[in-house]
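Residue strings, one per chain:
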Amino acid sequence: MTAETEQRNATTPPNTIGDGAAMLMWTDPPYGLNKVMAGTAAKYTDTGTAELVLDTLNAWAPKMGDNATIVVCLDYRLVHHVAARFDWVLRGEIIWGFGLGAPRQSWWPVRHNTLLTFTRTETSGMFDRAAQPRQTRLAPKKGYTDDKPAGSIWDFTMGNTHPDRRGYPNQKPVEIITPFINAHTAPGDLVVDPFMGGGSTGVAALRCGRRFWGGDISPDAVTNANTVFASMAGGGA
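Since we're looking at a predicted model, the values are computed, not measured. (Residues numbered from 1 in each chain as written. Predicted model: local features only at pLDDT ≥ 70, side-chain atom pairs only at ≥ 80, totals over all residues. Heavy atoms only, no water.)

Student: Could you give me a rundown of the packing of aromatic side chains, with the residues and numbers involved?
Tutor: Enumeration over the complete set of coordinates arrives at seven aromatic pairs. Every member of this aromatic cluster is reached through a ring pair, and the members are Phe86, Trp88 and Phe118. Here Lys141 stacks its cationic end above the ring of Tyr144, 4.7 Å away from the centre of that ring. (Phe/Tyr/Trp six-rings, centres within 6.5 Å; stacked < 30°, edge-to-face > 60°. Lys NZ or Arg CZ within 6 Å of the ring centre and 35° of its normal.)

Student: An account of the sheet that holds strand 11 (residues 190-193) is requested, with residue identities and associated values reported.
Tutor: Where strands meet in a sheet, backbone hydrogen bonds hold them as pairs that are either parallel or antiparallel. Taken together, eight strands build an open sheet; the order of strands is 1-12-11-2-5-7-6-10 and the sheet is mixed. Strands at the two margins of the open sheet, each flanked by one partner only, are strand 1 (3-7) and strand 10 (153-155). Direction aside, the axes of adjacent strands within the sheet are offset by 20 degrees on average. As paired elements, strand 2 (residues 22-27) and strand 5 (residues 64-74) share five bridges and run parallel to each other. (Pairing = 2+ DSSP bridges. Helix = DSSP H or I, 4+ residues; strand = E, 2+ residues; numbered from the N terminus. Axes fitted to C-alpha atoms, helices over the stretch in contact; angles between N-to-C directions.)

Student: An account of the layout of surface pockets is needed here, citing residue identities and associated values.
Tutor: Leftover empty space is mapped by rolling, across the atoms, a probe with the size of a water molecule. Considered as a void within the structure, the largest pocket measures approximately 810 Å³ in volume. Looking at the largest pocket, it is lined by 31 residues, and the ones nearest its centre are Met37, Phe98, Leu100, Gly101 and Asn170. Going through the elements one at a time, strand 3 (35-38) and strand 7 (112-119) are the ones with two or more residues in the lining of the largest pocket. If one sorts the elements of the lining of the largest pocket by residue count, strand 3 sits on top with three residues. Considering only residue class, the lining of the largest pocket consists of 16 nonpolar, eight polar and seven charged. The calculated volume of the second largest pocket comes to roughly 480 Å³. Those elements giving two or more residues to the lining of the second largest pocket turn out to be strand 4 (43-46) and helix 4 (200-207). Sorting elements by how many residues they give to the lining of the second largest pocket places strand 4 first, with three residues. Tallied by class, the residues present in the lining of the second largest pocket amount to 13 nonpolar, twelve polar and six charged. (1 Å grid on protein atoms, 1.4 Å probe; cavity = no way out; pocket = protein on both sides within 12 Å on 5 of 7 lines; lining within 4 Å. Points joined across faces, edges and corners; volume = space filled by probe spheres on them. Nonpolar A, V, L, I, M, F, W, Y, C, P; charged D, E, K, R; others polar.)

As structure tokens, this is what we get:
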């Protein structure tokens, strides 16, 4: 499968992607932290706003297929604005809990992001239930397996020694992206991410046998992602 990347503003989709061509958008916009996010491989200034996210989703809507799904990863600052104001149908949310990072001391800690899922209508959007992550049962149950499909709260921490760590700030683990790709797309479908960052959506898409387009306004992000995708083409990652 192929991966294409561009240094591009998220609100201006490329003409090379036709209307209705993409089956899934999985994207992780800036959260509105208003500070520099730095890693060993890159840094960027997080100046995200709800308007930026909504303008991006609305600009990309024509590029999404009739049966497409949009997944947006946000924290508490913007999630409620986007959930209430985007005009696609909000089909639900996944709460992703993680254990890495120092919790704030001035108020209750926030150790989760919210993954909003949207489709064009109440009944559109493909969904393969077999793609749901599984979790261990708290107690054995006769006649049942030791695990069960996870609910709407997923707990996964991408540790500092995770093999996918590449020094990009706020990098998302492919483990929380892959279930959406398998559930909402078929092999060969196009997955897009207009806030590509370090390329985790692309890595997950390529590993699942999907095509990928990713854009980011940061040249560091594009360089980092291209290095990752080239490694995969050469047999790495």
